[in-house]
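Structure at a glance
Listed below are the residues making up each chain.
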Amino acid sequence: MKKRLVQMLCLLLCIALLPLSAHTASAEEPAPSVRVLLRRVALTDRADLILDGVYTAKVGGKVIMSFPRKAEVTVAIRSGELFLFYEGMTQHLGAGVTFVRNASGGDDARTGIRFEKNGGLYPGDLRLTISGGVLYPVCTMSVEDYLLGVVPYEMSEYFPLEALKAQAVCARTYALNKIGANADYDVVDTTNDQVFKGVNHAYTNAARAVRETAGVVGTYKGKLAICYYSASNGGQTELVQNVWSGRGDWDYYAVVDDPYDVENPESVVRRARIAKNGDVREGFKDILFSYVLPEMVQQGYVPAAENFRIDGISAMSLGAPAHAEPNRLYTKLTLTLAWSGRKWIQPETKGTPVPEVEDEEEFYFFATPVPTATPTPMATPEASPTPEPTAYLSDFIPAEEEITITVDIFPEVIDELLLSVYGADNELLTIQETDTHFILEARRYGHGVGMSQRGAQWMAGQYGKTYQEIMKFYYPGLTLSKMDAGAPVLPTTPADLAATLAPPATPTPRPTLMPATMTADLPEGAYLAAVTEIDDDSSLNLREEPSQGAAILRRLYKHQQLIVLETCEDPAWVKVKTDVIEGYVMLSFITPVEEGKAPIVTPAPTPGFTPGPTK
């Protein structure tokens, strides 16, 4: 760690505040290096490496093995420690190993380590240790080599050259500022720092941008700056102190309106149309209801969402910026609504009138009246009670006046209207009005601090701005300075290891495995074969299962003899046996041994099966 800090101090002293054209990098000075924690390669307990260069392996500071270019090695965790597997040999490594890139006598700029056959090149030294039961890879490389794997992925190989140059300066300044930040590494290969995917030498445009800005950095008050950048600022840059807590001297940043970002059609925009007639998304209506609810209660409306209706929206505006002017990160949306609600109706109680009957005088035409039988009195039926009238909900009753409400934009409105661009609750909103709608637009992909990559793309491509002009626009108080980028100084392979692929005391790297003797217990049709259809300096993988994704048990070399036991369900594979191990190989890489050429008489093949064709 102390060495790193000294290295950093020396680096800062090298920064020359001279015109860029007056300073030339010297290839003889050592290149500043950066340690990259490789999260993207997603290693578990095993790493299959292609050493695309001359490498040596160091354990405890001592070189234990050397490897030629294109060597394929495997490092795996076994019983809590590291082991190296290479060409039939196994080497105990203990707690860690470093693969050191050596001078190859050729184009060293194109040497490095690959984690996949056609994957990116990691041009440096690789340190493997164990953390949490898995491999912990840290790759150390020159900053300029590191940028080759950053610039085309943070921007794009197809961006204008001057935009890529601005990206190279930002990424270089950022990386140099991080040196010594952690005891184990300086940067991570993800968006937590900068995306690094290894070097693809087909990306010549990005490589040119790195080369033509070699050593150029941003400084402020004679010290390295921190050049933050994001994909799109949404039309206005943001300040560091508005995004991240903590103190610092950030006066080289400013809040600046960015028309270039807005003009670029590739900048991400989200839109929501809000109808003036009140026909809005149900979820948005529910949000507005929560703000109108107190007024509904006061005016005697039934306070429930189903009893609330928006009849029209006559005005809409944005306000309450999150930070001081001229910041336009608005946090409130104000709307003027015409609305209706429903009320409880209580019917009036009305009694039923009973008709009055007048008494009638009785007349008799006979002198002696006929006596009238007295009727038996009948029980008077009990009167049914009059039912109480039931209250009911009215139709929607318009409120007498419109209401103006102010709602919070983040997070409910931004989410409900599907306006979230990046998920950071920092979108810049604007409103456009038509005859029938209000159109809300949301922009900003990322934190918005410093350079907008979409803005830089448009400045360079449409307006012909240079990278110096782009940097001046996004970092008004920054000074562009130049330091000696240098070149990586690669060690030479130790003389005692250069002549052989392994230390003298180790077994030969290509042991010959003799096939087991043909015995009666072998399956019918078993026959003797040899590995033939590979290059002299290549090998054939003996796998645990008949699949190219299966684990490699051993590497077999040209002319290796083996016994073919059976054909697999997939006829491209056969099960084979050597003197010490059984496994599976692809049939197309082996050939039956001709009669008379082997000490064993080969039985006849299984009927209907012909040993596979040779290439």
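We now examine the overall build of the protein. Helix and strand content of the protein: 12 helices and 33 strands. Buried residues in the protein amount to 45% of all 615 residues. For the protein, the exposed area adds up to about 32500 Å²; of that, 52% sits on carbon and sulfur atoms.

Counting through the fold element by element, Glu427 comes out in the loop between α9 (409–416) and β23 (428–433). It turns out Glu427 is buried and unbridged, and the closest side chain with the opposite charge, Arg270, is 7.8 Å from it. Apart from the residues lying within four places of it in its own chain, the contact partners of Glu427 are Leu329, Phe410, Ile414, Leu419, Ser420, Val421, Tyr422, Ala442, Arg443 and Arg444.

Put simply, side chains in a regular strand alternate between the two faces of the sheet. Along strand β24 (residues 437–443), seven of the seven residues are buried, which leaves the element largely enclosed by surrounding structure. Burial along β24 is two-sided: His437, Ile439, Glu441 and Arg443 facing one way and Phe438, Leu440 and Ala442 facing the other are all buried. Looking at chain direction, strand β16 (residues 269–275) and β24 are connected through seven bridges and run antiparallel. Pairing of Val269 across the sheet is with Arg443, part of β24.

We now examine the sheet that holds strand β26 (residues 479–482). The three strands lie next to each other as β14-β13-β26, forming an open sheet whose pairing is antiparallel. Each having just a single partner strand, β14 (223–224) and β26 make up the two edges of the open sheet. With two bridges joining them, strand β13 (residues 216–220) and β14 adopt antiparallel strand pairing. Directly across from Tyr220, in β14, lies its bridge partner Lys223.

A few words now on the packing of aromatic side chains. Per the stated rule, a full pass over the model turns up 20 aromatic pairs. Taking the centre distance of 4.8 Å and the plane angle of 35 degrees together, the rings of Tyr252 and Tyr253 count as tilted. Among the residues examined, Tyr253 registers a relative accessible area of 6% and is labelled buried. On the basis of an interplanar angle of 80 degrees and a centroid distance of 5.3 Å, the ring pair of Tyr260 and Tyr463 is categorised as edge-to-face. A residue pair is termed long-range when its members are at least 10 positions apart, and Tyr260 in helix α7 (residues 259–263) and Tyr463 in helix α10 (residues 453–463) qualify at 203 residues. In this structure Tyr260 comes out as buried when scored by relative accessible area, which is 15%. Members of the aromatic cluster, joined through ring pairs, are Tyr220, Tyr228, Trp244, Trp250, Tyr252, Tyr253 and Tyr475. Just above the ring of Phe438 sits the side chain of Lys276; from NZ or CZ to the centre is 5.1 Å. Lys343 extends its terminal NZ or CZ atom over the ring of Tyr301, reaching a point 4.7 Å from the ring centre.

Moving on, we come to the confidence of the model for the protein. Detailed reading of predicted coordinates is not advised where the pLDDT is low. Confidence in the prediction of the protein, expressed as mean pLDDT, is 84, and 80% of residues score 70 or more. Predicted confidence for residues 359–370 stays below pLDDT 50, and this span has one contact to residues more than four positions away or in other chains. Ignoring residues within four places in sequence, the model shows residues 596–615, a span with pLDDT below 50, making 27 contacts including any to other chains.

Here we come to the nonpolar core. Judged by nonpolar contacts, the single largest core of 83 residues is most densely connected at Leu49, Phe67, Phe99, Tyr146, Met451 and Tyr475. A total of 11 residues in this core trace back to one element, the largest contributor, which is helix α4 (residues 161–178). Residues within four places of Met451 in sequence aside, it is in contact with Met155, Ala166, Gln167, Cys170, Tyr228, Tyr229, Ser230, Ala456, Ile470, Tyr474 and Tyr475.

Another point: the sheet that holds strand β11 (residues 134–142). The strand order across the open sheet built from seven strands is β4-β3-β8-β10-β11-β1-β12, with neighbouring strands paired in mixed fashion. Only two strands of the sheet have a single neighbouring strand rather than two, namely β4 (62–67) and β12 (187–188). Two strands pair when backbone bridges link them, and strand β1 (residues 33–37) and β12 are joined in this way by two bridges, in the parallel orientation. When the sheet's bridge partners are listed, Leu37 is paired in β12 with Val188.

This part covers helix α5 (residues 204–212). Of the residues making up α5, those classed as buried are Ala206, Ala209 and Val210. Down the axis, α5 shows its buried residues gathered within 95 degrees of arc, on one side only. Across α5 from its buried face, at more than 90 degrees, point the exposed residues Thr204 and Arg211. Of the surrounding secondary structure, the elements contacted by the buried residues of α5 are α2 (143–148), α3 (151–154) and α4.

Rules used in this analysis
- Residues numbered from 1 in each chain as written.
- Predicted model: local features only at pLDDT ≥ 70, side-chain atom pairs only at ≥ 80, totals over all residues.
- Heavy atoms only, no water.
- Helix = DSSP H or I, 4+ residues; strand = E, 2+ residues; numbered from the N terminus.
- Buried < 20%, exposed > 50% of the residue type's maximum accessible area, 1.4 Å probe, protein only.
- Areas by Shrake-Rupley, 256 points an atom, 1.4 Å probe, with all protein chains shown as cover.
- Lys, Arg positive; Asp, Glu negative; His and termini not counted.
- Salt bridge = Lys/Arg side-chain N within 4 Å of Asp/Glu carboxyl O.
- Contact = heavy atoms within 4.5 Å.
- Pairing = 2+ DSSP bridges.
- Phe/Tyr/Trp six-rings, centres within 6.5 Å; stacked < 30°, edge-to-face > 60°.
- Lys NZ or Arg CZ within 6 Å of the ring centre and 35° of its normal.
- pLDDT = per-residue confidence, 0-100.
- Core = buried A, V, L, I, M, F, W, Y, C linked by side-chain atoms within 4.5 Å.
- Arc of directions from axis to C-beta.

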